[in-house]
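Structure assessment
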Amino acid sequence: MLWFGSWLTGHQGFEGAWFYSGRGGERTSYPIPPGATGLRIRRWPNEGLDAEYADVLVHEAPESLAAEALDFDAPQPFSLLPDHLRP
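Residues numbered from 1 in each chain as written. Predicted model: local features only at pLDDT ≥ 70, side-chain atom pairs only at ≥ 80, totals over all residues. Heavy atoms only, no water.

1. What about the sheet that holds strand β3 (residues 36–44)?
Taken in spatial order, the four strands make up an open sheet running β2-β1-β3-β4, and their pairing is antiparallel. Pairing within the sheet leaves two strands with one partner each, and these edge strands are β2 (14–22) and β4 (52–57). Sheet twist, expressed as the mean angle between neighbouring strand axes with direction ignored, is 20°. Note: strand β1 (residues 2–9) against β3, eight bridges, orientation antiparallel. Directly across from Ser 6, in β3, lies its bridge partner Arg 40. (Pairing = 2+ DSSP bridges. Helix = DSSP H or I, 4+ residues; strand = E, 2+ residues; numbered from the N terminus. Axes fitted to C-alpha atoms, helices over the stretch in contact; angles between N-to-C directions.)

Pasting the structure below:
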């Protein structure tokens, strides 16, 4: 499965620099950059479809995070959907 990780900045969830792009399966750690308010993890369960994503806010983040354990089906803090399409 293809994975992509990027930092979120500001209080509206703007995407900043990315920190991971690959097929997954590795274990590594990343320092949280100054000004980051969260991170967004995207995954492509099927490369022919749009990515699913999960946002994790820095102040709510656990000490360690397993991307495959994130809930990609829950409403996200910084939804990319217009207000009228949000659940």
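So, next bit.
2. Section: the confidence of the model for the chain
In this model, the chain carries a mean pLDDT of 86, and residues with pLDDT of at least 70 account for 91%. For the chain, per-element mean pLDDT is lowest for β4, which scores 92, and highest for β1, which scores 94. (pLDDT = per-residue confidence, 0-100.)

3. Examining the pattern of salt bridges
Using the criterion set out here, one finds four salt bridges in the structure. The salt bridge involving Arg 40 is made with Glu 15; its shortest N-O contact spans 3.1 Å. Taken as a pair, Arg 40 in strand β3 and Glu 15 in strand β2 lie far apart in primary sequence, 25 residues in all. With relative accessibility at 34%, the residue Glu 15 sits in the partly exposed group. Residue Glu 15 is joined to Arg 42 by a salt bridge in which the shortest nitrogen-to-oxygen separation is 2.5 Å. With Glu 15 in strand β2 and Arg 42 in strand β3, this residue pair connects regions lying 27 residues apart in the sequence. Arg 42 sits in the buried class, given a relative accessible area of 16%. Through salt bridges that share partners, Glu 15, Arg 40, Arg 42 and Asp 55 make up one connected network. (Salt bridge = Lys/Arg side-chain N within 4 Å of Asp/Glu carboxyl O. Buried < 20%, exposed > 50% of the residue type's maximum accessible area, 1.4 Å probe, protein only.)

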